[in-house]
Amino acid sequence: MSETFPKPPESSRPTMIDVAKRAGVGLGTVSRVVNGGAGVRAETASRVRVAIDELGFQRNEVARALRPGKKSSSLALVLGDLTNPFYASIAKASLEVAGQSGFAVVLGSVDEDPEGEKRAIQELVGRQVAGLMIVPDQGDHSFLTGAGVPVVFVDRPAHGIEADIVMVDNEGGGRLATEHLLGQGHRRIAILLAPSYYTTGRRLRGYRRAHRSAGLDVDESLVVQLPEGTAEAAEKATSELMHRPDPPTAVFASTNFVAEGVLRALRETDRQPAVVGFDDFRMADMLPIPVTVVASDTAELGRTAARLLLDRAANADTRPPQRIVLPCALITRGSGERPPFR
């Protein structure tokens, strides 16, 4: 089952955060009352229920949640735009693992919208899901502390909460791509960065580390921060780079969408730089010059996160929060092996 959580108008129904504010309690307390949990004083629980009544908070969900003996067999996955193959692969793999254990997965798609993400998470917590997998936005996630549901963050850590995280070695991958281009003799290597508070920032860190290890300074004019992470933005930036008097002889594209834009722009230029992308994409090996990429196993990212969450939900894993980092690999196909042009 797939659901998208758009930004509602100001008159939208209240969330658990609104209930907590009205009752003067923490979010975890509201969650325990809504989900029939123990450990809440009668007077406090009464205040929460009064706030629920006054606000009209999810009446049907509250009634369902308060039925005794009910145990959820659903997990939730909150992530970005599902048209992005990266997110689609994570979702598919996590659904497969959950299904093998008899769990359904509710999908919430909220692309780079902290407030929309918070609303989606509150909606899902109110449904009594057994656990949450979240590809977090850059907002504060401290509201999840004490929410009474296990959480595993995917692809990047979250702010304001200590929890499990399963991620890719973004810095190592960025260094791998840059070292490969340096090894081909390139010294003017541009990097095109999609906006991100974590992943592409770590890839840039790897790019810088590779230059330092080679005893080279980074030409900051070749570090291009895109206004948005679209193919169109990358195409425009690449065209501008290649029309400079001293264009780069190599380009490191920080995401698959950025790589697409780079390749589009290069159809219109005489000089052809080497290109390395980050994250593999469909047909990359079928192009006239197949695209060299730094690839990670995005399906394994989803599988690992789902397995860890299932263990947490069953209380089978009681370790402190885990940080699991999956490796990257360089796939050489041709575009990243072009020599520097003169």
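As recorded by an unreviewed UniProt entry, the chain carries the name LacI family transcriptional regulator and is attributed to Kribbella amoyensis.

Draft legend 1. Broad picture of the overall build of the chain. Helix and strand counts for the chain come out as eleven helices and 13 strands. Structurally, the chain occupies a C-alpha span of about 80 × 40 × 35 Å along its principal axes. Within the chain, the fraction of its 342 residues that count as buried is 51%. Once local pairs closer than 6 in sequence are excluded, the contacts in the chain between residues at least 24 apart make up 68%. Of the roughly 15,700 Å² of accessible surface on the chain, 50% is carried by carbon and sulfur atoms. Distance between charge centroids for the chain: 4 Å, based on 41 positive and 42 negative side chains.

Draft legend 2. Highlighting the packing of helix H7 (residues 170–183) against helix H8 (residues 199–213). Across the interface, H7 lies against H8 with an axial gap of 7 Å and an inter-helix angle of 40 degrees. Comparing the axis directions of H7 and H8 gives the class oblique. Both H7 and H8 take part in a crossing whose hand is right-handed. Along the contact surface, H7 presents Asn170, Glu171, Gly174, Arg175, Thr178, Glu179 and Leu182, while H8 presents Thr199, Arg202, Arg203, Arg205, Gly206, Tyr207, Arg209, Ala210, His211 and Ser213.

Draft legend 3. Quick look at the sheet that holds strand E10 (residues 274–278). Sheet architecture is open: six strands sit in the order E8-E7-E9-E10-E11-E13, paired in mixed fashion. Two strands in the sheet have a free side with no partner beyond their single neighbour: strand E8 (223–225) and strand E13 (328–331). Each strand axis lies, on average, 15 degrees off the axis of its neighbour in the sheet, ignoring direction. Examined bridge by bridge, strand E7 (residues 189–193) and strand E9 (residues 250–253) share four bridges and lie parallel to one another. Among the inter-strand pairings, Ala190 is bridged to a residue of E9, identified as Val251. Its contacts with the sheet put helix H9 (residues 231–242) on E7 and E8, and the angle it makes with E7 is roughly 155 degrees.

Draft legend 4. Highlighting the environment of Arg307. As for its placement among the helices and strands, Arg307 is situated in helix H11 (residues 298–313). The contact partners of Arg307, leaving out residues within four places of it in the chain, are Val97 and Glu300.

Draft legend 5. Here's a closer look at the packing of helix H1 (residues 16–23) against helix H2 (residues 27–34). For the pair H1 and H2, the least separation of the axes is 9 Å and the interaxial angle reads 105 degrees. Judged on the interaxial angle alone, H2 and H1 are roughly perpendicular. Between H1 and H2, the contacting residues are Met16, Ile17, Val19 and Ala20 on the first element and Leu27, Val30 and Ser31 on the second. When grouped by side-chain class, the residues that make up the contact of H1 with H2 number six nonpolar, one polar and no charged.

Draft legend 6. Helix H6 (residues 114–126), seen in detail. Taking 1.5 Å of rise per residue, the 13 residues of H6 would be expected to cover 18 Å, and the 18 Å separating its terminal C-alpha atoms lies within 8% of that figure. Regarding H6, the residues found buried are Gly116, Glu117, Ala120, Ile121, Gln122, Glu123, Leu124, Val125 and Gly126. Taken from the residues just after H6, Gln128 is the one with a positive phi, measuring 65 degrees.

Draft legend 7. Representation of the domain arrangement of the chain. Per the domain assignment, the segments making up the chain are domain 1 (16–66), domain 2 (74–168 + 298–326) and domain 3 (170–295). Tallying the contact residues gives 15 residues for domain 2 and seven residues for domain 3. Together domain 2 and domain 3 conceal approximately 920 Å² of surface at their shared face, both sides included; 55% is due to carbon and sulfur atoms. For the pair domain 2 and domain 3, the interface holds zero salt bridges. Viewed at the interface, domain 3 and domain 2 are joined by two residue pairs in polar contact (both at pLDDT 80 or more). Looking at the side of domain 2 that touches domain 3, the elements with two or more residues in it are helix H5 (85–100) and strand E6 (164–168). Among the residues forming the side of domain 2 that touches domain 3, the class breakdown is seven nonpolar, four polar and four charged.

Draft legend 8. Representation of the pairing of strand E11 (residues 292–296) in the model. The element E11 is largely enclosed, with a buried count of five among its five residues. Judged by which residues are buried, E11 turns out to be covered on both faces: Thr292, Val294 and Ser296 on one side and Val293 and Ala295 on the other are all buried. The pairing of E10 with E11 spans three bridges and is parallel. Following the sheet pairing, Gly277 is matched in E11 by Val293. Strand direction decides the pairing type here: E11 and E13, joined by four bridges, are antiparallel. By the bridge assignment for E13, Val294 is matched with Leu330.

Cut-offs applied
Residues numbered from 1 in each chain as written. Predicted model: local features only at pLDDT ≥ 70, side-chain atom pairs only at ≥ 80, totals over all residues. Heavy atoms only, no water. Helix = DSSP H or I, 4+ residues; strand = E, 2+ residues; numbered from the N terminus. Buried < 20%, exposed > 50% of the residue type's maximum accessible area, 1.4 Å probe, protein only. Contact = heavy atoms within 4.5 Å. Areas by Shrake-Rupley, 256 points an atom, 1.4 Å probe, with all protein chains shown as cover. Lys, Arg positive; Asp, Glu negative; His and termini not counted. Charge placed at Lys NZ, Arg CZ, Asp CG, Glu CD. Axes fitted to C-alpha atoms, helices over the stretch in contact; angles between N-to-C directions. Parallel < 35°, antiparallel > 145°, perpendicular 65-115°, else oblique. Left-handed = near helix turned anticlockwise from the far one by under 90°. Pairing = 2+ DSSP bridges. Nonpolar A, V, L, I, M, F, W, Y, C, P; charged D, E, K, R; others polar. Expected span 1.5 Å × (residues − 1). Domains from an automatic or database assignment. Buried area = accessible area lost by both parts, 1.4 Å probe. Salt bridge = Lys/Arg side-chain N within 4 Å of Asp/Glu carboxyl O. Polar contact = N/O pair within 3.5 Å; in protein donor to acceptor, adjacent residues only side chain to side chain.

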